[in-house]
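Here is what each chain is made of, one letter per residue.
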Amino acid sequence: MEKILTQSYKSPLGELVLGVFQDRLCLCDWKFRKMRQAVDERLKKGLNAEMEEGSHPVLEQTISQLDEFFTGKRKDFSIPLLTVGTDFQKSVWDSLLAIPFGETRSYLQLSQDLGNPDAIRAVASANGANAISILIPCHRIIGSDGSLVGYAGGLDAKKKLLKLEGAKSAQPQGQIPLF
């Protein structure tokens, strides 16, 4: 059976679990999130692989780029990614990747971008199932009223990530500072 090589990473906002499969990052997720086991099981089943601690150049590159991100030296990541989920989930995650550094969207805006404004709950669920936090920026999704809403790493981490990016709310009336 193939292996997903994993490593822990202590970010300034909490501990993350990183995982690589066939030279692509498939996991960068909060170690103590509520859905930790469900996310890991989805990856293991979807990739027909077991998790094992180890090292890999992609993990080292991810750690280096995360360090740069947290010190304000990086806005974009250049890590090869491997998402594991349904076609719909993957379309949501692809849409998240299109949100520029320092900008936010609401679940409604995201569902509209996907051409299905009635899919807000499904979009929110897919957002919550994201296994590659920070690199696939699910933290950039806020409530339609500009409020901070659920985040696997906790709302404090989400607030700090958005503040690090100097995020502004992309509301129809214009750019609104979140902080």
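- The chain goes by Methylated-DNA--protein-cysteine methyltransferase in an unreviewed UniProt entry, where it is assigned to Algoriphagus boseongensis.
- For the record of the chain, the UniProt heading Subcellular location (unreviewed entry) holds the text "Cytoplasm".
- Per UniProt, the chain has the following entry under Sequence similarities (unreviewed entry): "Belongs to the MGMT family."

### Digging into the packing of helix H3 (residues 87–97) against helix H5 (residues 120–128)
Consideration 1: Where H3 meets H5, the axes come as close as 9 Å, and the angle between the chain directions of the two elements is 75°. Comparing the axis directions of H3 and H5 gives the class roughly perpendicular. Between H3, through Phe-88, Gln-89, Val-92, Trp-93 and Leu-96, and H5, the contact on the second element is made entirely by Ala-122, Val-123, Ala-126 and Asn-127.
Consideration 2: Taken together, the residues that form the contact of H3 with H5 break down as seven nonpolar, two polar and no charged.

### Focus on the UniProt feature "domain: Methylguanine DNA methyltransferase ribonuclease-like" (unreviewed entry) in the chain
Consideration 1: Per the UniProt record, the feature "domain: Methylguanine DNA methyltransferase ribonuclease-like" (unreviewed entry) sits at residues 6–81.
Consideration 2: Within the segment residues 6–81, helix and strand shares are 34% and 34% respectively, and the terminal C-alpha atoms sit 14 Å apart.

### Structural notes on empty space enclosed by the protein
Consideration 1: Under the definition given, this model contains one cavity of 30 Å³ or more.
Consideration 2: Of the voids in this model, the largest cavity is the one considered here, and its volume is about 40 Å³.
Consideration 3: Considering the residues around the largest cavity, the lining is formed by Cys-26, Arg-42, Leu-43, Leu-82, Thr-83, Val-84, Trp-93, Asn-130, Ala-131, Ile-132 and Ile-136.
Consideration 4: Class assignment for the residues of the lining of the largest cavity results in eight nonpolar, two polar and one charged.

### Digging into the packing of aromatic side chains
Consideration 1: The full count for this structure, using the stated rule, is four aromatic pairs.
Consideration 2: With a centroid separation of 6.0 Å and 75° between ring planes, the pair formed by Trp-30 and Tyr-151 is classed as edge-to-face. In this pair, Trp-30 is assigned in strand S3 (residues 24–30) and Tyr-151 in the loop between strand S6 (141–142) and helix H6 (155–164), connecting sequence segments 121 residues apart. Like Tyr-151, Trp-30 is buried.
Consideration 3: In textbook terms, an aromatic cluster arises when at least three aromatic residues are bridged by ring pairs, as seen for Phe-69, Phe-70, Phe-77 and Phe-101.

### Topic: helix H2 (residues 57–70)
Consideration 1: Look at H2: 20 Å from first C-alpha to last across 14 residues, which is about the 20 Å you get at 1.5 Å a residue.
Consideration 2: Of all the residues in H2, the buried ones are Val-58, Leu-59, Thr-62, Ile-63, Gln-65, Leu-66, Phe-69 and Phe-70.
Consideration 3: Looking at the residues trailing H2, positive phi occurs at Gly-72, about 80°.

### Looking at the domain arrangement of the chain
Consideration 1: The assigned domain composition of the chain is domain 1 (2–71) and domain 2 (87–163).
Consideration 2: Counting residues at the interface gives 16 residues for domain 1 and 16 residues for domain 2.
Consideration 3: In total, domain 1 and domain 2 occlude about 1,300 Å² of area from one another, counting both sides; carbon and sulfur atoms represent 70% of this.
Consideration 4: By the criterion of area lost to domain 2, the three top residues of domain 1 are Leu-13, Trp-30 and Phe-69, representing 40% of everything that side buries.

### Regarding the side chain of Thr-62
Consideration 1: You can see Thr-62 is positioned in helix H2.
Consideration 2: Judged by its relative accessible area of 0%, Thr-62 is buried.
Consideration 3: Each residue touching Thr-62, except ones within four places of it in the same chain, is listed here: Leu-18, Leu-25 and Ile-79.

Here is what the cut-offs are and how they apply
Residues numbered from 1 in each chain as written. Predicted model: local features only at pLDDT ≥ 70, side-chain atom pairs only at ≥ 80, totals over all residues. Heavy atoms only, no water. UniProt positions renumbered as here; feature names shortened; annotations may be inferred. Axes fitted to C-alpha atoms, helices over the stretch in contact; angles between N-to-C directions. Helix = DSSP H or I, 4+ residues; strand = E, 2+ residues; numbered from the N terminus. Parallel < 35°, antiparallel > 145°, perpendicular 65-115°, else oblique. Contact = heavy atoms within 4.5 Å. Nonpolar A, V, L, I, M, F, W, Y, C, P; charged D, E, K, R; others polar. 1 Å grid on protein atoms, 1.4 Å probe; cavity = no way out; pocket = protein on both sides within 12 Å on 5 of 7 lines; lining within 4 Å. Points joined across faces, edges and corners; volume = space filled by probe spheres on them. Phe/Tyr/Trp six-rings, centres within 6.5 Å; stacked < 30°, edge-to-face > 60°. Buried < 20%, exposed > 50% of the residue type's maximum accessible area, 1.4 Å probe, protein only. Expected span 1.5 Å × (residues − 1). Domains from an automatic or database assignment. Buried area = accessible area lost by both parts, 1.4 Å probe.

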